Structures are given as C-alpha cells and as structure tokens.
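Structure assessment
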Amino acid sequence: MQVDPVILDKTVERNYADFWQQWTQTETLLRWLGPPQAQMSVISGSIGPNGTLVFKQSFSNQHQCGKIEFLKLEQSTVEYVQSITNEHGDTIGHPQVPAFPKRMLTQLQFEPVDNKTRVKMIWQPMDPNPDEAEFFFNYKQIMQDGLQQVMDRL
C-alpha cells in the first residue's frame, strides 16, 4: 500500500561539508538521531554504502534499539531504511505503538547554497500494511513537525 510521504525542503544554516558529516559519521549521527535526552550508543555495524548500524537509545530506566540500513550514500544523496529492533538488530516494531510502520524509508538530497545547505527529505513507510498506512496518514502532520524539530537541531 502506497502512502504520501512527509517531505521537508529547507535550507539550513550549515555549510555543506559540516551538514554532510552530520549524516555520514557515526559519532555525529548519534548526537542528533535520538530524542535530545537520550544517550545513544552503537551496538554493531557502521555507516557506509550498504552498511548497517544497530544502535541503542537509553533514557531514564528504559532503552530502545534501532537499525539503519544504508541503501545509498553518495556525495549529494543519502537513502536508508530505519526500524525499531531488539539488541540483535531484528525488526520488532514499536513497543508502545504497534501501528507505527515497522520500516521507514528516508531519502535525502543535499545541495550547497552559498555557505548553507539545502536539504530535501522524503520520509515514508516502506511496504506498510493497512494499519501502518492508516497510522502514518493520521499522524503525518505530527511526524512532519517532529522531523522539522530534528532538522532544526542540526
């Protein structure tokens, strides 16, 4: 089932090289990937073409694991699939929100503009079942607002 994606298209106040590093270096990616209060750590893997990174977010007495599977990593394009997993990297879905899509596709395009970077992000469920598609449709604006907050932190 196909659903309309969340699309963000904005210019950020970071030069291209710095912005590129935010998405392609493990240390910098983990600084902004999770919620601001989360402690992020790598369980296994690495960033790279066809690479897979399994990570852990810890906050208070809770933790959640996730996985990023890189599909494309080129100078102006990053594409990856992100999912919530167990500590072994097996996709399990969201423990508190079962209808949240199990796999999310993120497509990014970067372009230098003066001393800034224009970024276009397309974010959508990957092969969602009907419940996941309905959830994404119903909460699309909230998810778009959340992604905008992430972009603002970069």
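Residues numbered from 1 in each chain as written. Predicted model: local features only at pLDDT ≥ 70, side-chain atom pairs only at ≥ 80, totals over all residues. Heavy atoms only, no water.

What to know about the layout of surface pockets
By volume, the largest pocket amounts to about 1,100 Å³. Lining the largest pocket we find 37 residues, and of these Leu 33, Pro 35, Gln 82, Phe 100 and Trp 123 sit closest to its centre. For the lining of the largest pocket, the secondary structure elements donating two or more residues are α2 (26–33), β3 (52–59), β4 (62–74), β5 (77–85), β6 (103–113), β7 (116–125) and α3 (130–153). No other element matches the nine residues that α3 contributes to the lining of the largest pocket. Split by residue class, the lining of the largest pocket holds 23 nonpolar, 12 polar and two charged. (1 Å grid on protein atoms, 1.4 Å probe; cavity = no way out; pocket = protein on both sides within 12 Å on 5 of 7 lines; lining within 4 Å. Points joined across faces, edges and corners; volume = space filled by probe spheres on them. Helix = DSSP H or I, 4+ residues; strand = E, 2+ residues; numbered from the N terminus. Nonpolar A, V, L, I, M, F, W, Y, C, P; charged D, E, K, R; others polar.)

Things to note about the pairing of β4
Two elements, β3 and β4, share eight bridges in a ladder whose sense is antiparallel. Residue pairing for β4: Lys 56 is matched across the bridge by Cys 65. Once β3 ends, the chain turns through two residues before running back antiparallel as β4, passing Ser 60 with a positive phi of about 50 degrees. Where β4 meets β5, nine bridges bridge the pair, whose relative direction is antiparallel. Looking at the pairing, Lys 72 lines up with Glu 79 of β5. Taking the residues that link successive antiparallel strands as the turn, the β4-β5 hairpin has two residues. (Pairing = 2+ DSSP bridges.)

A word on the nonpolar core
Counting residues in each nonpolar core, the largest one holds 36 residues, and the members touching the most others are Trp 23, Val 78, Leu 108, Phe 110 and Trp 123. In terms of residue count, α3 provides more of this core than any other element does, seven residues in total. Excluding residues within four positions of it along the chain, Val 78 makes contact with Trp 20, Thr 24, Phe 70, Lys 72, Leu 73, Thr 106, Gln 107, Leu 108 and Phe 110. (Core = buried A, V, L, I, M, F, W, Y, C linked by side-chain atoms within 4.5 Å. Buried < 20%, exposed > 50% of the residue type's maximum accessible area, 1.4 Å probe, protein only. Contact = heavy atoms within 4.5 Å.)

A word on the side chain of Thr 24
Of note, Thr 24 is situated in helix α1 (residues 16–24). Within the structure, Thr 24 has its side chain in polar contact with the backbone oxygen of Trp 20 (distance 2.9 Å). Leaving out residues up to four positions away in the same chain, Thr 24 has contacts with Ile 47, Leu 73 and Val 78. (Polar contact = N/O pair within 3.5 Å; in protein donor to acceptor, adjacent residues only side chain to side chain.)

Details of the sheet that holds strand β2 (residues 39–45)
Reading across the sheet, the seven strands line up as β1-β7-β6-β5-β4-β3-β2 and stay open at both edges, with antiparallel pairing between neighbours. Looking along the sheet, the strands with just one partner apiece sit at the ends: β1 (6–12) and β2. Each adjacent strand pair in this sheet contributes to an overall mean axis angle of 25 degrees, direction not counted. Where α1 meets the sheet, its contacts fall on β1, β4, β5, β6 and β7, and the angle it forms with β6 comes to roughly 165 degrees. (Axes fitted to C-alpha atoms, helices over the stretch in contact; angles between N-to-C directions.)

Here's the deal with the packing of aromatic side chains
Inspection of the entire model under this criterion finds eight aromatic pairs. Ring geometry for Trp 23 versus Phe 110: centroids 6.2 Å apart, planes at 50 degrees, classification tilted. On the criterion of sequence distance, the pair formed by Trp 23 in helix α1 and Phe 110 in strand β6 is long-range, its members being 87 residues apart. Assessed through its relative accessible area of 6%, Phe 110 is described here as buried. Taken together, a centroid distance of 5.8 Å and an interplanar angle of 70 degrees make the contact between Phe 100 and Phe 135 edge-to-face. Taken as a pair, Phe 100 in the loop between β5 and β6 and Phe 135 in helix α3 lie far apart in primary sequence, 35 residues in all. For Phe 135, a relative accessible area of 14% corresponds to the buried category. Ring pairs connect the aromatic residues Phe 19, Trp 20, Trp 23 and Phe 110, which therefore count as one cluster. (Phe/Tyr/Trp six-rings, centres within 6.5 Å; stacked < 30°, edge-to-face > 60°.)

Everything listed is a geometric property; what it means functionally is a separate question.
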